[in-house]
Amino acid sequence: MSIELLLALITGAALFGVGIYGALSQTNLVMIMMGIELILAGAMVNLVAFWRYLHPDNPAGQMFVLIIMTVMAIEMAVGFGVAIARFRAKGSVEMEEAAELKG
Amino acid sequence: MTAQMFFIGFFGLAGVWFGIVVFRTFSMVRSALALLFSQTAIGAMFLSMQAEFLGVLQIMMMATEMSIMAIFMVMFMMDPGGLGEMDMTHQKRLSLGAGIVSFMAAVAVAVFVDWGPLASVSPDAAQQTIDLGLELLGRSMLIFETAGITILTAMIAATAVAIQPVKRTREQ
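Residues numbered from 1 in each chain as written. Chains lettered and ligands numbered in written order. Predicted model: local features only at pLDDT ≥ 70, side-chain atom pairs only at ≥ 80, totals over all residues. Heavy atoms only, no water.

1. A look at the packing of helix H3 (residues 60-90) of chain A against helix H5 (residues 125-136) of chain B
So, point 1. The interhelical angle for the contact between H3 of chain A and H5 of chain B, taken along N-to-C directions, is 70°, at an axis separation of 9 Å. Judged on the interaxial angle alone, H5 of chain B and H3 of chain A are roughly perpendicular. In this structure, H3 of chain A uses Ala60, Gln62, Met63 and Leu66 of chain A to contact H5 of chain B, whose residues at the interface are Gln128, Leu132, Glu135 and Leu136 of chain B.
So, point 2. Here the residues of the contact of H3 of chain A with H5 of chain B are counted per class, giving 5 nonpolar, 2 polar and 1 charged. (Axes fitted to C-alpha atoms, helices over the stretch in contact; angles between N-to-C directions. Helix = DSSP H or I, 4+ residues; strand = E, 2+ residues; numbered from the N terminus. Parallel < 35°, antiparallel > 145°, perpendicular 65-115°, else oblique. Contact = heavy atoms within 4.5 Å. Nonpolar A, V, L, I, M, F, W, Y, C, P; charged D, E, K, R; others polar.)

2. Observations concerning helix H2 (residues 29-53) of chain A
Residues and elements named next belong to chain A.
So, point 1. Taking 1.5 Å of rise per residue, the 25 residues of H2 would be expected to cover 36 Å, and the 37 Å separating its terminal C-alpha atoms lies within 8% of that figure.
So, point 2. Counting buried residues in H2 gives 20 out of 25 residues, a clear majority hidden from the surface.
So, point 3. Between the side-chain oxygen of the N-cap and the backbone nitrogen of Val30 there are 2.9 Å, and the N-cap of H2 in question is Asn28. (Expected span 1.5 Å × (residues − 1). Buried < 20%, exposed > 50% of the residue type's maximum accessible area, 1.4 Å probe, protein only. Polar contact = N/O pair within 3.5 Å; in protein donor to acceptor, adjacent residues only side chain to side chain.)

3. Side note on the packing of aromatic side chains
Each aromatic ring pair is specified by the distance between its two centres and by the angle formed by the two planes.
Residue and element names in this part refer to chain B.
So, point 1. Inspection of every chain in the model, using the stated rule, returns 7 aromatic pairs over all chains.
So, point 2. Measuring from centroid to centroid gives 5.3 Å for Phe6 and Phe7, while their planes differ by 70°, and the two rings are edge-to-face.
So, point 3. Under the relative-accessibility criterion, Phe7 is labelled partly exposed at 37%.
So, point 4. In textbook terms, an aromatic cluster arises when at least three aromatic residues are bridged by ring pairs, as seen for Phe6, Phe7, Phe10 and Phe11. (Phe/Tyr/Trp six-rings, centres within 6.5 Å; stacked < 30°, edge-to-face > 60°.)

4. Considering the interface of chain B and chain A
Size of an interface: often given as the accessible area lost when the parts come together.
So, point 1. Each partner contributes to the interface: chain B provides 79 residues, whereas chain A provides 71 residues.
So, point 2. Across the chain B/chain A interface, buried area totals approximately 6,500 Å², and carbon plus sulfur atoms make up 78% of it.
So, point 3. Three residues stand out in chain B for area buried against chain A, namely Phe23, Phe76 and Trp115 of chain B, and they jointly supply 11% of the buried area on that side.
So, point 4. Our count for the chain B to chain A interface comes out at 12 residue pairs in polar contact (both at pLDDT 80 or more).
So, point 5. Where the side of chain B that touches chain A is concerned, the elements lending two or more residues are helix H1 (3-22), helix H2 (28-48), helix H3 (52-76), helix H4 (92-112), H5 and helix H6 (141-162) of chain B. (Buried area = accessible area lost by both parts, 1.4 Å probe.)

Printed below as a string of structure tokens:
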């Protein structure tokens, strides 16, 4: 196995782990979104590494990265929309206070 | 050690380090800037892996996205500068455990899976862009168009959610 591929996959794994920690531990909506961004960044690093070191002649690998970037943009747009609505209604984006839907 | 290996390792380490800084600082603006540096380092890593188009796209897109995020941080936070050192975390031990377990599981997959024969050369930047363009407007056109429609729907939905509701009087 090439060291370059291993380095890229370990970087992707580390970004995924840091993102999981951030998304679970933060109480602020925007900080939770930052954690999700890091998780998606980890996935992107893996996809680029797989494309480069396993199938460089197949551009479908790069296309998947574009789809992940689209998912990141959608997550940001919808997340900020929800954050603005929440801030207007309650004056805060703290998710510990958002327990209205709790059963 | 080749130059490519060095730069992948260097930018990978920088990306992970700035990713950790995002959740270590009390200042929300610094968090947004750390995430910007992390994503930029990942873009530089793409460039090191000879994915020129994706590297430049990642850096440009994330620079814009994180600048917007920093503005939202200042708008929403009581203490965006972090001077009060307010702790905004919960279930820390569980989150740390989940992060470490997912990291170890992903590393185990990376190390123990046989990835098969590796490619030593990749197409040059111009050829990559041509191939990607043909892929997007050929075989993957439906997926690409669906992504475009989805992002348009998300923009409309986000605007609709964020618009201040109009209070109507009885006369209206």
